[in-house]
Amino acid sequence: MRQLTLCTLLFALGVSIAAGLDCRCFPGDDCWPSWQQWADFNATIGGRLISTVPLGSVCHTTGEFSAYNQEACASLIADWGFPATHYKTCDSPMASWFSNASCDPFLPRTTPCTITALQRYAVNVSKVDDVQKTIQFAQDHNIRLVIRNTGHDYLGKSTAPGGLALWMHNLKATEYLQYRSCSYEGPALRLGAGIQGFEGMAAAHAQNKVILTGNCDSVGVVGGYSQGGGHGQLASMVGLAADQVLEWEVVTADGQHLTAAPDMNPDLFWALSGGGGGTYAVVMSATVKAYAEVSTASANLTFSGADVPPDVFWSIIRNFIVDITPIIDAGAVAIWAVIGKTFSLTPIIWPGGNVDELQMRLASTLRMLNERNMTYAFHIQHFVSFWDCFMAMNPHSNITEAQIGGRLMPRGVLDHSTDSLISTLRQISEQGAVVSGVSLNVSRHSVPDNAVNPAWRDAAISIVLGTSYNYTNRQVNVECQSLMTQELVPLLTDISIDSGAYLNEADWKQPDWQSAFYGDNYQTLHEIKEEFDPNGVFWARTAVGSEAWTELDDGHLCRSDDL
Ligand SMILES: Cc1cc2nc3c(=O)[nH]c(=O)nc-3n(C[C@H](O)[C@H](O)[C@H](O)COP(=O)(O)OP(=O)(O)OC[C@H]3O[C@@H](n4cnc5c(N)ncnc54)[C@H](O)[C@@H]3O)c2cc1C
Ligand SMILES: *[C@@H]1O[C@H](CO)[C@@H](O)[C@H](O)[C@H]1NC(C)=O
Ligand SMILES: *[C@@H]1O[C@H](CO)[C@@H](O)[C@H](O)[C@H]1NC(C)=O
Ligand SMILES: *[C@@H]1O[C@H](CO)[C@@H](O)[C@H](O)[C@H]1NC(C)=O
Ligand SMILES: *[C@@H]1O[C@H](CO)[C@@H](O)[C@H](O)[C@H]1NC(C)=O
Ligand SMILES: *[C@@H]1O[C@H](CO)[C@@H](O)[C@H](O)[C@H]1NC(C)=O
Ligand SMILES: *[C@@H]1O[C@H](CO)[C@@H](O)[C@H](O)[C@H]1NC(C)=O
Ligand SMILES: *[C@@H]1O[C@H](CO)[C@@H](O)[C@H](O)[C@H]1NC(C)=O
Ligand SMILES: *[C@@H]1O[C@H](CO)[C@@H](O)[C@H](O)[C@H]1NC(C)=O
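Basis of the calculations
Residues numbered from 1 in each chain as written. Chains lettered and ligands numbered in written order. Predicted model: local features only at pLDDT ≥ 70, side-chain atom pairs only at ≥ 80, totals over all residues. Heavy atoms only, no water. Axes fitted to C-alpha atoms, helices over the stretch in contact; angles between N-to-C directions. Helix = DSSP H or I, 4+ residues; strand = E, 2+ residues; numbered from the N terminus. Parallel < 35°, antiparallel > 145°, perpendicular 65-115°, else oblique. Contact = heavy atoms within 4.5 Å. Nonpolar A, V, L, I, M, F, W, Y, C, P; charged D, E, K, R; others polar. Buried < 20%, exposed > 50% of the residue type's maximum accessible area, 1.4 Å probe, protein only. Polar contact = N/O pair within 3.5 Å; in protein donor to acceptor, adjacent residues only side chain to side chain. Near = heavy atom within 4 Å. Areas by Shrake-Rupley, 256 points an atom, 1.4 Å probe, with all protein chains shown as cover. Disulfide = S-S within 2.5 Å. UniProt positions renumbered as here; feature names shortened; annotations may be inferred. Expected span 1.5 Å × (residues − 1). Arc of directions from axis to C-beta. Pairing = 2+ DSSP bridges. Domains from an automatic or database assignment. Buried area = accessible area lost by both parts, 1.4 Å probe. Salt bridge = Lys/Arg side-chain N within 4 Å of Asp/Glu carboxyl O. Core = buried A, V, L, I, M, F, W, Y, C linked by side-chain atoms within 4.5 Å.

### Points about the packing of helix α15 (residues 418–430) against helix α17 (residues 474–494)
Consideration 1: With their axes 10 Å apart at the nearest point, α15 and α17 run at an angle of 175 degrees to one another. With respect to α17, the element α15 is oriented roughly antiparallel. On α17, the residues touching T424, L425, Q427 and I428 of α15 are L488, L491 and L492.
Consideration 2: Class assignment for the residues of the contact of α15 with α17 results in five nonpolar, two polar and no charged.

Here it is as structure tokens:
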């Protein structure tokens, strides 16, 4: 209740309130550096400073950044759904909510093109020195700093209104090595901060090895993904992405260039390995475990429930989710979704698995479809390598044009409260939301001591919900957001009280985010944040320590104490 009043107050007072508060300096404020100061800074970093020009500028005829061009605008709109349209830039978030319709290409061209909600400048990082100088400049001028890699983040963690971004995307080095430490001896890859899934996989493939990466192959490997947990098609085989990291190479808030490993800066190593990106330090590179290639069994399936009663449709889904459990426990991962009356499995992947056994595990689901004469598409195949399987079976991912919420569903709920799980998913689906799940087991082997949300270790399914996003209708988005926060996520919470959510695939308005995203680790993580970044140089929405600052409606970031 107190929080609600505060938000209303801030909204009502708008810009003027920032004046009397302790806030980060915002463009237009008196404290904002002059053109000359920016130019001088630019000179110290070899001309690597980029001034934001929003992608949508080619779609507008008015506003400071307008640069209307009919053809360029049409092709931007046609390509908008591709992740590359955004990850090649230093400012465009894939989750459109966080651009706050700033220079939205889908709005009428006469709508002014502004960049209020986007970072104002970015540094195209090429080396440690760029990062050190940028941190110093941001501190000297009290500017909001953000670390941006691909811009995939669903919670707006790589977007900073009026801020300065450390853009890590071009750190593309990879190195294959034999790693030796007390805890691990074997093949590894050192990956630059900008390496994306497809590049990391290719570097491993060149050595006939595999590494864990995200299902969407453009997600960064060692940025928010590994730092926040990170699941992928090898997760039931090897654990989460945070579990793969042997050492992190970082620059801290006070400019030190350090290595964090189990025996070197162990607190920082612990926090970076699962405690969330963007808040403890700037990762320059990470060294991750690599594994021998493995033959892989895989299948995909799509069926429609349009011609059968909903009870039948959901009983088949129930059957599927339960039947695959033994092979999930044996190393498989299943990626599935229910969109309206369509179920799709895209795909199930079983590294090291046997294709006949996979077929057997899916047999009763297929029998149910056959008995009902339902149309479906099914494909099953043995691949000689995980690489071949990924290339053939993993569908191309677009950006997620939805507002999302999520919950880690414990194994106990799947095993002992199956009916309430299925009826809850059905209820959510019938309210128009997309229900997606990744069935996996990330605790088959002993797991390292790191900051991964403990709820992950009991999870059988990472459930992610989506409500629609409309580029031209803010009111619809506000309503869908509130539906997610107030109704849909709570339905999942009700059946999994002691669990949590995956911090990278959750509702950015999750009310009790500290416990939901970090579990019992929050207090310790907060202490590590205080130790390594006492002045709050790094800030990201829902990151550890972020409650010390409050984002005003106009984008100012102010110390919460004063509010
Ligand atoms: C289409 C799509 C598919 C996805 N699929 C998967 C999946 O299969 N599995 C999965 O686990 N997740 C998945 N995700 C979620 C993904 O893990 C998160 O979006 C993650 O935050 C992306 O990290 P990034 O570094 O690429 O992105 P960014 O948005 O650039 O950064 C995310 C966060 O990490 C911080 N960060 C980035 N780089 C660094 C760095 N070098 N040092 C310190 N902090 C840094 C940023 O400050 C920010 O807080 C998916 C997301 C999308 C949009
Ligand atoms: C920084 O300097 C480079 C090289 O002189 C220049 O190309 C670039 O436009 C400058 N950046 C800004 C924001 O002025
Ligand atoms: C993905 O995005 C592209 C580019 O905007 C679009 O053409 C395509 O239809 C989208 N695909 C799906 C499945 O939505
Ligand atoms: C960023 O730097 C890389 C080299 O590190 C260069 O290839 C690229 O063109 C630069 N990008 C921008 C937008 O300046
Ligand atoms: C499926 O089709 C067969 C053959 O056409 C028919 O005999 C059977 O009754 C149908 N079953 C259902 C459930 O509709
Ligand atoms: C399943 O995978 C096959 C082989 O790669 C592909 O051709 C097909 O389109 C996929 N089907 C579904 C339903 O995803
Ligand atoms: C994971 O699999 C192991 C067996 O390999 C099982 O003991 C454990 O309960 C499973 N955990 C979850 C969360 O499914
Ligand atoms: C988005 O909202 C606009 C304006 O209300 C409406 O015309 C349009 O149909 C909506 N788009 C979608 C995809 O629902
Ligand atoms: C976001 O949009 C709202 C509504 O247009 C506006 O009031 C607010 O100032 C914007 N905030 C930022 C940071 O762009």
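### Brief notes about the side chain of T150
Consideration 1: Turning to its location among the elements, T150 is positioned in the loop between β3 (145–148) and β4 (164–167).
Consideration 2: T150 sits in the buried class, given a relative accessible area of 4%.
Consideration 3: Here H152 takes part through its backbone nitrogen, which lies 3.2 Å from a polar atom of the side chain of T150.
Consideration 4: When sequence neighbours within four positions are dropped, the list of residues in contact with T150 reads H86, Y87, M94, Q196, S218, V219 and G220.

### A closer look at the site of ligand 1
Consideration 1: As a structural note, the neighbourhood of ligand 1 is formed by 33 residues, with I147, N149, T150, S158 and Y502 the closest of them.
Consideration 2: In the model, an oxygen atom of ligand 1 is placed 2.6 Å from a nitrogen or oxygen of the I147 main chain.
Consideration 3: Backbone polar atom of H152 to an oxygen atom of ligand 1: 3.2 Å apart, as the coordinates give it.
Consideration 4: Against a free-state accessible area of 960 Å², the protein chains account for coverage of 98% of ligand 1.
Consideration 5: Elements supplying a minimum of two residues to the shell around ligand 1: β3, α7 (224–228) and β10 (282–289).
Consideration 6: With three residues, the single largest contributor to the shell around ligand 1 is α7.

### Some words on the state of the cysteines
Consideration 1: As enumerated under the stated definition, the model contains four disulfides in all.
Consideration 2: One disulfide in the model links C25 with C31; its S-S distance is 2.1 Å. The chirality of the disulfide connecting C25 with C31 is right-handed, given an S-S dihedral of about 115 degrees.
Consideration 3: A relative accessible area of 2% places C25 in the buried class.
Consideration 4: With its bonded cysteines labelled in order along the sequence, the protein shows the pairing 1-8, 2-3, 4-5, 6-7.
Consideration 5: Cysteine C216 shares no disulfide, and the gap to the nearest cysteine sulfur, in C389, comes to 17 Å.

### Observations concerning the UniProt feature "domain: FAD-binding PCMH-type" (unreviewed entry) in the protein
Consideration 1: The residues that UniProt annotates with the feature "domain: FAD-binding PCMH-type" (unreviewed entry) are residues 115–293.
Consideration 2: Strand forms 28% of residues 115–293 and helix 21%; the C-alpha atoms that close the span are 46 Å apart.

### A short note on the site of ligand 3
Consideration 1: All residues in the neighbourhood of ligand 3 are listed as A78, D79, W80, G81, F82 and N398.
Consideration 2: G81 places a polar main-chain atom, nitrogen or oxygen, 2.9 Å from an oxygen atom of ligand 3.
Consideration 3: N398 is positioned with one of its side-chain polar atoms (N or O) 2.4 Å from an oxygen atom of ligand 3.
Consideration 4: For ligand 3, the protein covers 40% of the area, taking 370 Å² as the surface of the free molecule.
Consideration 5: Looking at the shell around ligand 3 residue by residue, the classes come out as three nonpolar, two polar and one charged.

### Some thoughts on α15
Consideration 1: With 13 residues, α15 extends 18 Å from end C-alpha to end C-alpha; this agrees with the ideal 18 Å at 1.5 Å per step.
Consideration 2: Listed in full, the buried residues belonging to α15 are T418, L421, I422, T424, L425, I428 and S429. Down the axis of α15, the buried set is contained in an arc of 160 degrees. They therefore lie on one face. Of the exposed residues in α15, those oriented more than 90 degrees away from the buried face are D419 and E430.
Consideration 3: Among the residues trailing α15, G432 stands out with phi positive, at a value near 95 degrees.

### A few points about the sheet that holds β4
Consideration 1: The four strands lie next to each other as β1-β2-β4-β3, forming an open sheet whose pairing is mixed. Looking at the sheet topology across the chains shown, the edges are occupied by β1 (49–51) and β3. Direction aside, neighbouring strands of the sheet carry axes that sit 30 degrees apart on average.
Consideration 2: Inspection of the sheet shows strand β2 (residues 121–124) paired to β4 by four bridges, in the parallel sense. Across the sheet, the residue bridging to V123 is L166, located in β4.
Consideration 3: Here helix α2 (residues 35–44) sits on the sheet and contacts β1, β2 and β4; the angle it forms with β1, its principal contact strand, is near 140 degrees.
Consideration 4: Set on the sheet, helix α5 (residues 128–140) makes contact with β2, β3 and β4; between it and β4 the angle comes to about 170 degrees.

### Considerations on the sheet that holds strand β18 (residues 459–468)
Note on sheets: strands pair through backbone hydrogen bonds, and any given pair is parallel or antiparallel.
Consideration 1: Read across the open sheet, the seven strands follow the order β15-β12-β14-β13-β17-β18-β16; overall the sheet is antiparallel. Since the sheet does not close on itself, it has two edges, and those belong to β15 (376–383) and β16 (402–410), each with one partner. Averaged over all pairs of adjacent strands, the angle between strand axes in this sheet comes to 10 degrees, irrespective of strand direction.
Consideration 2: Sheet analysis places strand β12 (residues 296–304) next to strand β14 (residues 342–351), joined by eight bridges and oriented antiparallel.

### A closer look at the domain arrangement of the protein
Consideration 1: Segmenting the protein into domains produces domain 1 (1–35 + 119–294 + 537–563), domain 2 (53–118) and domain 3 (296–518).
Consideration 2: Between the C-alpha centres of domain 1 and domain 2 the distance comes to 24 Å.
Consideration 3: With 24 residues of domain 1 at the interface, the matching set in domain 2 holds 16 residues.
Consideration 4: At the boundary of domain 1 with domain 2, total buried surface from both sides reaches about 1,500 Å², with 57% on carbon and sulfur atoms.
Consideration 5: The interface formed by domain 1 and domain 2 includes zero salt bridges.
Consideration 6: At the junction of domain 1 and domain 2, the tally comes to seven residue pairs in polar contact (both at pLDDT 80 or more).
Consideration 7: Class assignment of the residues belonging to the side of domain 1 that touches domain 2 gives a composition of eight nonpolar, eleven polar and five charged.

### A few points about the environment of T85
Consideration 1: As for its position among the elements, T85 is in helix α4 (residues 83–87).
Consideration 2: Between the C-alpha atoms of T85 and A235, which are 150 residues apart in sequence, the distance is 28 Å.

### A closer look at the nonpolar core
Consideration 1: Ranked by internal contacts, the top residues of the largest apolar core, which has 46 residues, are F303, F320, W336, F343 and I348.
Consideration 2: Counting residues per element, this core draws most heavily on helix α10 (residues 310–323), which supplies seven residues.
Consideration 3: In this structure, F343 is in contact with L301, T302, F303, F313, I317, F320, W336, A337 and V338, ignoring residues within four places of it in sequence.

### So, the environment of G277
Consideration 1: By the secondary structure assignment, G277 is in the loop between α9 (266–272) and β10.
Consideration 2: With near-sequence residues (within four places) excluded, G277 lies in contact with K157, Q227 and A543.

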